[in-house]
Amino acid sequence: MKKGQADAADLLQNSPLAAGSTQITSTLSSNFVTDGGVGAQTLSLRGLGANRTLVLLNGRRAGPAGTRGAVSSFDLNVLPISIISDVEILKTGASSIYGSDAVAGVVNIKTRQDLDGFDVSLFASPTEDGGGESYQTSLAWGKTFDRGHIMFAGDYYRRNELERRDRDYLACDEDYIVNEAGQRADITDPRTGQPYCNGTIGNLIFTYDYIGTVGNAFGIPTPSNLFTPGGQAIQIIQPDRGGDRLGEFLPSLDPAAQLFQFSAPSNYFPVNYDGPSTGLLNLYPEAEKKESVIPQTDRYTLYANGAYEITDNVEIYGEALYNNRKTHVDASRQLFPVQYTGFSVLPYLFGDSAALFSGDPLNDEFSGEVLLQPVIVTDNFDQDIEVDYYRGVLGARGDYGSMIPNWSWDLYGQFSRSDGSYTSDIVFNDAYDTLNYRTELCEGTVTSVRGVPCVDIDITSPDTLAGNFTPEEEAFLFGRDTGTTRYDQWSTEFFTSGDLIKLPGGMSQLGVGVQFRRDEITDTPGPATLAGNSWGLTSAGITAGKSDTYEAFGELELPIFGGVPFVEDFTINLAGRFTRVDAERSSDGASDSDEDFTYKIGANWQVTDWLRFRGSYGTSFRTPALYEQFLQDQTGFLAQLSVDPCIRWGTGLANGAVTQRLADNCAAAGVPSDYNGVGSSAQTISGGGIGVLDSETSRAWSGSVILTPQLWSGSDFSLAVDYIDIKVKGEVTQLGAANIVSSCYNSEFYPNDPLCNQFVRDSDPNSTSFNNILTIRNPYLNIDSQRNRAVDVTLQFSQDLGDMGELGLLAQMTWQLEDKFGLFDNTISDDNGEVGDPKWVGDFAVSWARKAVTVLWSMDVIGKTSDKEDVLDTYGTLCPSSSFRGGAVCPDYTLGTTFYHNASVNLEVADDFDLTLGVANLFDTAPPRASSVFSTISHIGQAPTIGTYYDYLGRRAFVRARARF
């Protein structure tokens, strides 16, 4: 806590082994769909994913926690930092020793065991600019006695919400681009002369000309008709009722209403037909300003452990953990139903013979052969998560006494349960359907699924466009849906070890054991989701299944020789494990089995008392997680604009927004250059792959040099340099619907790229969805490989200064040499050095201690990253051409090296009381800025999101008071 960390996730995710890759933080899991559900916080080493990092609690596998179907990793939320005594990290794969999932490494979290008396602590960390404050209080009592110990602890933790509007760099989303002369080239808001604030579009109406007879309703000289026969969308906007000076900068609509000619009220103006008009868009609405970047979280924890020697040879022990987490997320969403104008022949042309010259009965202020798509931003998209986590361990350990000297044994049983609920604000699909293509009022009818009385909503009224609904309208359109997730894990293990035979270097050691584990998941979505009555979200079935894991393992340590010049000790370590996993899906009994033998060979050579070499080679094995196998088919709908890179590829090619390869492949697919993507959404289908997925295998090399020379009197020095090389084969992943389609059309192997078989485009010219993407399968699949190579350096130094105290230095650094993904045999990508994957990270700390005072200064460093290659691959140039922005513009694709400084002082006020005061992010360093256009960097406001190691909170004080009695 001397760096202001009061959360286990902060402590572990910011270690150099983790900080160099994207982690699932509460921010990421609350703003994107991630494993473990909203608010989850997991740990991934080497960027290989949380599923490939095994977390142990006191040396035993800790059961996962979270919500929704994708639960498989240990959630760091369940363990408060106040009960952690130590953390051990094994930096390489070790499935042969620790079992499945130990691909990237093993993290063993040890809890406090030796408390005698009471221990009370209070922690608070207010932020300078407000939002994101954290508070923690803990109380523990323990007793040690001759034959054992016992401890009880309670902990409460609170993290306040951080909203987008709380920080400038999270709020306004500027273009943040420059021209080739290095001058800012953002689109500006003519009203302010400043870069316009991008964000979610709302409080406006899109219009689509379906039959190409409208002509130029605006009377604006433009290179091409704004209402093109191809149906290109434009936007019209209503000024705020108090007036926002739109008329000073925009032309009025032509009031002439001829046959088939579009007309609208006089206070509507065309927008987004050129750069200046785009700067007047209604963006970044109030609902988006209130969105959670860091969600509000409350956690309550009870913990107990104890041990008692019932005989001189047998000790019984146990642990119990209960944790309750409540997470609340404020979020917004868009509504965009499609409607006719009040006077329209479109219903007749589209097959409704009774609707000749009639359109939407509530849109009589609009006329002409144009479809209207009002876009409304509403804050009715909040989420509430509650997870109860239970874990219990009961075991016995001891030795065999004189029967088998120098041998010990350990037998335990463990149970964990994660019982979670997830509640989301939803839009009822049967209500939303009453708004689409409406030609008559629905009063007097009931909805198709819920059977509730229908309410007619004027979706183009000023109040509704602004996101304001009457209580009656809100009750009809919006609701809440609650699903539940339960994950149970049972395990039992027996292990015995001891002396084997004496070798020249000493006594050899042997350990053998067996383990059984059962994992079982049941995820039941809410009733609206099960019924497919949640608009714009996936529909899903119940995900349920179990797996049984049987393992037998052994480890042999052979001290070959020692005590001779240049070989003080040379030891070989051998380990092997046989694993068999049987999995079964509950819904239909579908089953699968797999087994493998993994092994590890290691050597340790102590050359002198100050020089040591060590190295290892090992294999690992991971069966697909339960959700990867059993996830019930989930269907969802994504707008064509969000998944299809071929939309208006001709314009994109002319403006430099798409590459020549993509344009050629879209043309080869038969997609016209002016295809507009208007029409039905693409259906996405994802599900588990039981019986299809193969287990992952991996191999890992490691080599180390450790130096511990005595530099001079009073000093203590150590330097460790570790080389790690891990390669995973058959990695299980989901690529995402948009990535699947984009990768296909950007592939040099089109149309033979395997991803091109995962979606279907409508090729029927007589279909109303002609050229639309109909379905995209986004399954869990085995990709070819992932390889990660890195060098870790750890330097420790301390110097006794006599009466001046003691000086200490700790430096931990990781250099990532390679991080390559092979999707399939012909597709290789290297993410090393790109955003979310820095080549270098470091953590440095200097301390000075004298008597009752300890002063600490620390610095966390995130190396520079660059998406230069991705920008080149996407646009063919680092400065794409943009007619809206006056020519070639250059996004900022580089995030510079970032330094975070922290300082604290710890005062031992009395033997039983100490106080820590400090400041985190001392210089209020903001995240590096990311361009929001042409760049490939995902962002919230100007802050990158994939780089989860960046600090969103800013400067903050922290204080911790601790008393022991």
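**Digging into the overall build of the protein chain**
Part 1 of the argument: The helix and strand tally for the protein chain stands at 17 helices and 49 strands.
Part 2 of the argument: In terms of C-alpha radius of gyration, the protein chain reaches 31 Å, essentially the compact-globule figure of 30 Å for 965 residues.
Part 3 of the argument: When its C-alpha atoms are laid out on the principal axes, the protein chain stretches across 105 × 65 × 55 Å.
Part 4 of the argument: Across the 965 residues that make up the protein chain, the buried fraction comes to 53%.
Part 5 of the argument: With 67 positive and 125 negative side-chain charges, the protein chain shows a spacing of 6 Å between the two charge centroids.

**Brief notes about the packing of aromatic side chains**
Part 1 of the argument: Overall, the coordinates contain 25 aromatic pairs when judged by the stated rule.
Part 2 of the argument: Considering the side-chain rings of Tyr-949 and Tyr-950, the 4.8 Å spacing of their centres and the 70° angle between planes classify their relative orientation as edge-to-face. This pair shows no difference in class: Tyr-949 is buried, exactly as Tyr-950 is.
Part 3 of the argument: Clustering of aromatic rings is evident, with ring pairs tying together Phe-336, Tyr-432 and Trp-535.
Part 4 of the argument: The cationic tip of Arg-397 hangs over the ring face of Tyr-317; the distance from NZ or CZ to the ring centre is 4.0 Å.

**Focus on a nonpolar patch on the surface**
Part 1 of the argument: A cluster of nonpolar side chains, Leu-801, Met-804, Leu-807, Leu-809, Val-846 and Trp-857, forms an exposed patch at the surface whose accessible area comes to about 470 Å².
Part 2 of the argument: One can find Met-804 in the loop between strand E36 (785-800) and strand E37 (806-824).

**Digging into the nonpolar core**
Part 1 of the argument: Leu-43, Leu-45, Phe-74, Leu-79, Ile-109 and Ile-726 are the most contacted members of the largest nonpolar core, which has 33 residues in total.
Part 2 of the argument: Taken together, the elements giving at least two residues each to this core come down to helix H1 (8-13), helix H2 (16-19), strand E1 (53-57), strand E4 (105-111), strand E7 (148-159) and strand E31 (715-729).
Part 3 of the argument: Counting 28 residues, the second-largest nonpolar core is a separate cluster that includes Ile-205, Ile-236, Cys-442 and Leu-465.

**Focus on the pairing of strand E29 (residues 682-686)**
Part 1 of the argument: Among the five residues of E29, four are classified as buried, and the element is accordingly described as predominantly covered.
Part 2 of the argument: In this structure, strand E28 (residues 634-638) lies alongside E29, joined through five bridges in antiparallel fashion. What sits directly across from Phe-637, in E29, is Gln-683.
Part 3 of the argument: With three bridges connecting them, E29 and strand E34 (residues 773-777) associate as parallel partners. Looking at the pairing, Ile-685 lines up with Arg-777 of E34.

**So, the sheet that holds strand E43 (residues 887-891)**
Part 1 of the argument: Taken together, three strands build an open sheet; the order of strands is E9-E43-E42 and the sheet is antiparallel. The open sheet has two edge strands with one neighbour each: strand E9 (177-179) and strand E42 (881-882).
Part 2 of the argument: Note: E42 against E43, two bridges, orientation antiparallel. In the strand pairing of E43, Ser-882 is matched with Gly-887.

**Section: the sheet that holds strand E2 (residues 60-61)**
Part 1 of the argument: Spatially, the four strands line up as an open sheet ordered E2-E1-E4-E3, and their pairing is mixed. Looking at strand neighbours, the two that pair on one side only are E2 and strand E3 (84-90), the edges of this open sheet.
Part 2 of the argument: With six bridges joining them, E3 and E4 adopt antiparallel strand pairing. Each bridged residue has a counterpart across the sheet, and for Ile-89 the counterpart in E4 is Val-107.

**Considerations on helix H16 (residues 737-745)**
Part 1 of the argument: Residues Ala-737, Ile-740, Val-741, Cys-744 and Tyr-745 constitute the buried set of H16. End-on, the buried residues of H16 take up no more than an arc of 120°, which puts them together on one face.
Part 2 of the argument: Where the residues of H16 are buried, they touch E28, helix H13 (640-643), helix H15 (660-668), E29, strand E33 (759-761) and E34.

**Things to note about the pairing of strand E49 (residues 956-964)**
Part 1 of the argument: Direction of pairing for strand E5 (residues 117-125) relative to E49: antiparallel, over a ladder of six bridges. Counted as the bridge partner of Phe-123 is Arg-960 from E49.
Part 2 of the argument: The sheet contact formed by strand E46 (residues 913-920) and E49 spans eight bridges and is antiparallel. Looking across to E49, one finds that Val-919 is bridged to Ala-957.

**Comments concerning the state of the cysteines**
Part 1 of the argument: On inspection of all chains with the given rule, the structure shows five disulfides.
Part 2 of the argument: What pairs with Cys-442 in a disulfide is Cys-454, and their sulfur atoms sit 1.9 Å apart. Between Cys-442 and Cys-454, the S-S torsion sits near -80°, and that sign places the bridge as left-handed. Of this pair, Cys-442 sits in the loop between helix H8 (429-432) and helix H9 (462-465) while Cys-454 sits in the loop between H8 and H9, placing them twelve residues apart in sequence.

**Section: the confidence of the model for the protein chain**
Part 1 of the argument: Per-residue confidence for the protein chain averages 87 on the pLDDT scale, and 93% of its residues sit at or above 70.
Part 2 of the argument: When the criterion is pLDDT under 50, residues 212-232 qualifies, and its contacts beyond four places in sequence or with other chains add up to 47 contacts.
Part 3 of the argument: In the model, residues 255-259 has pLDDT below 50 throughout and makes three contacts with residues more than four positions away in sequence or in other chains.

**Focus on the environment of Pro-838**
Part 1 of the argument: The residue Pro-838 is located in the loop between strand E38 (827-830) and strand E39 (840-850) in this model.
Part 2 of the argument: Judged by its relative accessible area of 2%, Pro-838 is buried.
Part 3 of the argument: With 816 residues separating them in the primary sequence, Pro-838 and Thr-22 have C-alpha atoms 9.8 Å apart.
Part 4 of the argument: Contact partners of Pro-838, with chain neighbours within four places excluded, come to Gly-20, Gln-816, Asn-832, Gly-833, Ile-862, Gly-863, Thr-865 and Tyr-949.

**Examining the pattern of salt bridges**
Part 1 of the argument: What the rule picks out here adds up to 49 salt bridges.
Part 2 of the argument: Taking the shortest distance from any N to any O, the salt bridge between Asp-425 and Arg-480 comes out at 2.7 Å. Placement of Asp-425 in strand E20 (residues 407-427) and of Arg-480 in strand E21 (residues 478-503) is noted, with a sequence separation of 55 residues between them.
Part 3 of the argument: The exposure class of Arg-480 is partly exposed, given its relative accessible area of 43%.
Part 4 of the argument: For Asp-430, the salt bridge identified is with Arg-450, shortest N-O distance 3.2 Å. Of this pair, Asp-430 sits in helix H8 while Arg-450 sits in the loop between H8 and H9, and the two are 20 residues apart along the sequence.
Part 5 of the argument: Here Arg-450 falls in the partly exposed class, since its relative accessible area comes to 27%.
Part 6 of the argument: Salt bridges sharing partners connect three or more residues here, namely Arg-52, Arg-622, Glu-628 and Glu-696.

**Some details on the environment of Thr-549**
Part 1 of the argument: Looking at the secondary structure, you find Thr-549 in strand E24 (residues 543-564).
Part 2 of the argument: Taking relative accessible area as the criterion, Thr-549 reaches 3% and is therefore assigned buried.
Part 3 of the argument: Between the alpha carbons of Thr-549 and Glu-595 there is a distance of 9.4 Å; along the sequence they are 46 residues apart.
Part 4 of the argument: Ignoring sequence-local partners within four residues, the contact set of Thr-549 consists of Gln-515, Phe-516, Arg-517, Thr-579, Arg-580 and Val-581.

**Some words on empty space enclosed by the protein**
Part 1 of the argument: Inspection of every chain in the model, using the stated rule, returns five cavities of 30 Å³ or more.
Part 2 of the argument: By volume, the largest cavity is sized at about 850 Å³.
Part 3 of the argument: Around the largest cavity, the lining is made up of 46 residues, and of these Asp-10, Asn-14, Tyr-950, Asp-951 and Arg-956 lie nearest the centre.
Part 4 of the argument: At the level of elements, H1, H2, helix H3 (26-31), E7, strand E14 (296-309), E39, strand E40 (853-862) and strand E45 (898-910) are the ones that each hand at least two residues to the lining of the largest cavity.
Part 5 of the argument: When grouped by side-chain class, the residues that make up the lining of the largest cavity number 16 nonpolar, 21 polar and nine charged.
Part 6 of the argument: Taken as a whole, the second largest cavity encloses approximately 380 Å³ of empty space.
Part 7 of the argument: Together, 29 residues line the second largest cavity, and Arg-61, Ser-72, Asp-101, Tyr-487 and Asp-519 are the ones closest to its centre.
Part 8 of the argument: Of all the secondary-structure elements, those providing two or more residues to the lining of the second largest cavity are E1, E21, strand E22 (506-524), E24 and helix H12 (626-630).

Thresholds, definitions, all that
- Residue positions are given per chain, counting from 1 as you read along its sequence in written order.
- Totals for whole chains, interfaces and linings use all residues, but because this is a predicted model, local features are given only for residues with pLDDT of at least 70 and pairs of side-chain atoms are given and counted only at 80 or more.
- With hydrogens and water excluded, all non-hydrogen atoms of the structure serve as input to the side-chain values.
- Under the DSSP-based scheme used, a helix requires at least four consecutive residues in state H or I and a strand at least two consecutive residues in state E, with every element numbered from the N terminus.
- As defined in this context, the radius of gyration uses C-alpha atoms, and a globule is described by 2.2 Å times the residue total to the power 0.38.
- Buried, partly exposed and exposed residues are distinguished by accessible area as a fraction of the type maximum, computed with a 1.4 Å probe on protein chains only: under 20%, between the cut-offs, and over 50%, respectively.
- His is not counted here, nor are the chain ends, while Lys and Arg score as positive and Asp and Glu score as negative.
- For charged residues, the charge sits on one atom: NZ in Lys, CZ in Arg, CG in Asp, CD in Glu.
- For this analysis, a ring pair means two rings from Phe, Tyr or Trp (six-membered ring only for Trp) whose centres lie within 6.5 Å, classed as stacked if their planes differ by under 30 degrees, edge-to-face if by over 60, and tilted for the remaining angles.
- Geometrically, a lysine NZ or arginine CZ counts as sitting over a ring once it is within 6 Å of the ring centre and also within 35 degrees of the ring normal.
- Every patch collects residues that have over 30% relative accessible area and no salt bridge, joining them within 9 Å if they carry like charges and within 5 Å if they are nonpolar side chains (Val, Leu, Ile, Met, Phe, Trp, Tyr).
- All accessible areas in this document rest on Shrake-Rupley with a 1.4 Å probe, and a residue is counted as covered only by the protein chains that are shown.
- Basic side-chain nitrogens of Lys or Arg form a salt bridge, by our definition, when they fall within 4 Å of a carboxyl oxygen of Asp or Glu.
- Among the buried residues, those of types Ala, Val, Leu, Ile, Met, Phe, Trp, Tyr and Cys that are joined through side-chain atoms within 4.5 Å form a nonpolar core.
- Any two strands between which DSSP finds at least two bridges are classified as paired.
- Arc definition: directions from the helix axis to the C-beta atoms.
- Two residues form a contact once any of their heavy atoms are found within 4.5 Å.
- In plain terms, two cysteine sulfur atoms within 2.5 Å form what is called a disulfide here.
- A score between 0 and 100, pLDDT records how confident the predictor is in each residue.
- Every definition here rests on a 1 Å grid over the protein atoms only: cavities are sets of points where a 1.4 Å probe fits but cannot get out, pockets are open sets enclosed by protein on both sides within 12 Å along at least five of seven lines, and lining residues have some atom within 4 Å of a point.
- Grid points are joined across faces, edges and corners, and a volume is the space filled by probe spheres set on the points.
- Gly falls in the polar group here, along with every residue not listed as nonpolar (Ala, Val, Leu, Ile, Met, Phe, Trp, Tyr, Cys, Pro) or charged (Asp, Glu, Lys, Arg).

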